[in-house]
Amino acid sequence: MDTDELLINYAAGNRDFLRANLRQSNLSEFALPGINLSQADLSGANLSGASLRGANLSEAFVMEATLWRVNFTEAILIWANFTKASLIRANLIQVDLHKAVLTKADLRLANLRDADLSYTNLEGADLRYADLTGVNLAGANLSKANLTGANLSQADLYNANLAKAILSRTILRDADLSNINLDGVDLHDAQIEHACLQPLVNSR
C-alpha cells in the first residue's frame with residue numbers, strides 16, 4: 001500500500017490498515033486520528049508533525065522512523081518496535097507503550113505525561129529534558145538511558161533497571177524508585193525530594 005492509497009481510503013472513512021506495508025513512506029503533517037496501524041510496517045517512515053491521536057499501532061514496526069512533533073496522545077502502542085526512532089518533541093501524553101521497544105530511541109523534549117511504559121525496553125534511549133511526570137515505568141529497562149534534566153515527578157519506577165543510566169539534574173520528586181537497579185547511576189544534582197529510594201544499589 002502506498003501513501004496515496006492509504007490517504008484515499010482514510011478519507012473515505014476506512015480506519016483499518018492492519019499489517020499495512022508503509023516502509024519509507026511520507027505521512028508527515030497528515031491528520032490520521034483513530035487510525036488502526038497495528039502490526040503495520042512503518043520502518044524508516046516520516047511522520048513528523050502528523051496527528052495520530054488515539055491511533056492503534058500495537059505490534060507495529062516503527063524502527064528508525066522520523067516522528068518529530070508527532071501527536072500520539074492516548075494512542076495504543078503496546079509491543080510496538082521503535083528502535084532508533086526519532087521522537088523529538090513528540091506528544092505521547094497518556095499513551096500505552098506497555099512492553100514496547102524503544103532501544104536507542106531519541107525522545108528528547110518529548111511529552112510522556114501519565115503514559116504507561118511498564119516493562120518497556122528503553123535501553124540506551126535519549127530522554128533528555130523529556131516530561132515523564134506521573135509515568136508508569138515499573139519493570140522498565142532504562143539501562144544506559146540518558147535522562148539528563150528529565151522530569152520524573154511522581155513516576156513509578158518500581159523494579160526498573162537503571163544500571164549505568166544518567167540522571168544528572170533529573171527531577172525525581174515523589175517518584176517510586178524502590179526495588180530498582182541503580183548500579184553505576186549518575187545522580188549528580190538530581191532532585192529527589194520525597195522520593196522512595198530503597199534499596200539504593202551502588203549509585204554515585
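To start, this report covers the structure provided alongside it. All figures in this text were calculated on a predicted structure; none of them were measured in a lab.

Turning our eyes to something else, we now look at the overall build of the protein chain. Within the protein chain, the regular secondary structure consists of one helix and zero strands. The C-alpha radius of gyration computed for the protein chain amounts to 17 Å, which stays within 12% of the reference 17 Å derived for 204 residues, consistent with globular compactness. Its C-alpha atoms give the protein chain principal-axis dimensions of roughly 55 × 20 × 20 Å. In the protein chain, which comprises 204 residues, the proportion classed as buried is 51%. Sequence separation of at least 24 residues holds for 2% of the intrachain contacts in the protein chain that already meet a minimum separation of 6. About 9,000 Å² of surface is accessible on the protein chain, with carbon and sulfur atoms providing 45% of the total. For the protein chain, the distance from the average position of its 17 positive side-chain charges to the average position of its 23 negative side-chain charges is 5 Å.

Time to look at a positive patch on the surface. On the surface, Lys84, Lys104, Lys144 and Lys164 cluster together into a patch of positive charge. Within the secondary structure, Lys104 sits in the segment after α1 (3–11). Since its relative accessible area comes to 54%, Lys104 is described here as exposed.

Opposite charge on two side chains permits them to pair, given that their charged atoms come into close proximity. A complete count under the given rule lists six salt bridges for this structure. One salt bridge connects Arg113 with Asp131, and the closest N-O pair in it is separated by 3.2 Å. Of this pair, Arg113 sits in the segment after α1 while Asp131 sits in the segment after α1; the two residues are 18 residues apart in sequence, bridging distant segments of the chain. For Arg113, a relative accessible area of 35% corresponds to the partly exposed category. The residue Arg128 makes a salt bridge to Asp126 at a minimum N-O spacing of 2.6 Å.

Note on placement: Thr120 falls in the segment after α1. In this structure the side chain of Thr120 is engaged in a polar contact, spanning 2.7 Å, whose partner is the backbone oxygen of Leu97. Sequence-distant contacts of Thr120, that is, excluding residues within four places in its chain, are made with Leu97, His98, Lys99, Ala100, Leu102, Ala140 and Asn141.

Turning next to the packing of aromatic side chains. Tallying each qualifying case throughout the model produces one aromatic pair. When the ring of Phe72 is compared with that of Phe82, the centres are 6.3 Å apart and the planes differ by 80°; the resulting orientation is edge-to-face. In this pair, Phe72 is assigned in the segment after α1 and Phe82 in the segment after α1, connecting sequence segments ten residues apart. Note on accessibility: Phe72 and Phe82 belong to one class, buried. Sitting above the plane of the Tyr10 ring, Arg15 keeps its charged end 3.7 Å from the centroid.

Before going further, it helps to spend a moment on the environment of Ala145. Structurally, the position occupied by Ala145 is in the segment after α1. Sequence-wise, Ala145 and Asn81 are 64 residues apart; in three dimensions their C-alpha atoms are separated by 17 Å. Aside from chain neighbours lying at most four places away, what touches Ala145 is Leu122, Gly124, Ala125, Ala165 and Ile166.

Thresholds, definitions, all that
- Residues numbered from 1 in each chain as written.
- Predicted model: local features only at pLDDT ≥ 70, side-chain atom pairs only at ≥ 80, totals over all residues.
- Heavy atoms only, no water.
- Helix = DSSP H or I, 4+ residues; strand = E, 2+ residues; numbered from the N terminus.
- Rg over C-alpha atoms; globule rule 2.2 N^0.38 Å.
- Buried < 20%, exposed > 50% of the residue type's maximum accessible area, 1.4 Å probe, protein only.
- Contact = heavy atoms within 4.5 Å.
- Areas by Shrake-Rupley, 256 points an atom, 1.4 Å probe, with all protein chains shown as cover.
- Lys, Arg positive; Asp, Glu negative; His and termini not counted.
- Charge placed at Lys NZ, Arg CZ, Asp CG, Glu CD.
- Patch = residues over 30% accessible without salt bridge, like charges linked within 9 Å, V, L, I, M, F, W, Y side chains within 5 Å.
- Salt bridge = Lys/Arg side-chain N within 4 Å of Asp/Glu carboxyl O.
- Polar contact = N/O pair within 3.5 Å; in protein donor to acceptor, adjacent residues only side chain to side chain.
- Phe/Tyr/Trp six-rings, centres within 6.5 Å; stacked < 30°, edge-to-face > 60°.
- Lys NZ or Arg CZ within 6 Å of the ring centre and 35° of its normal.

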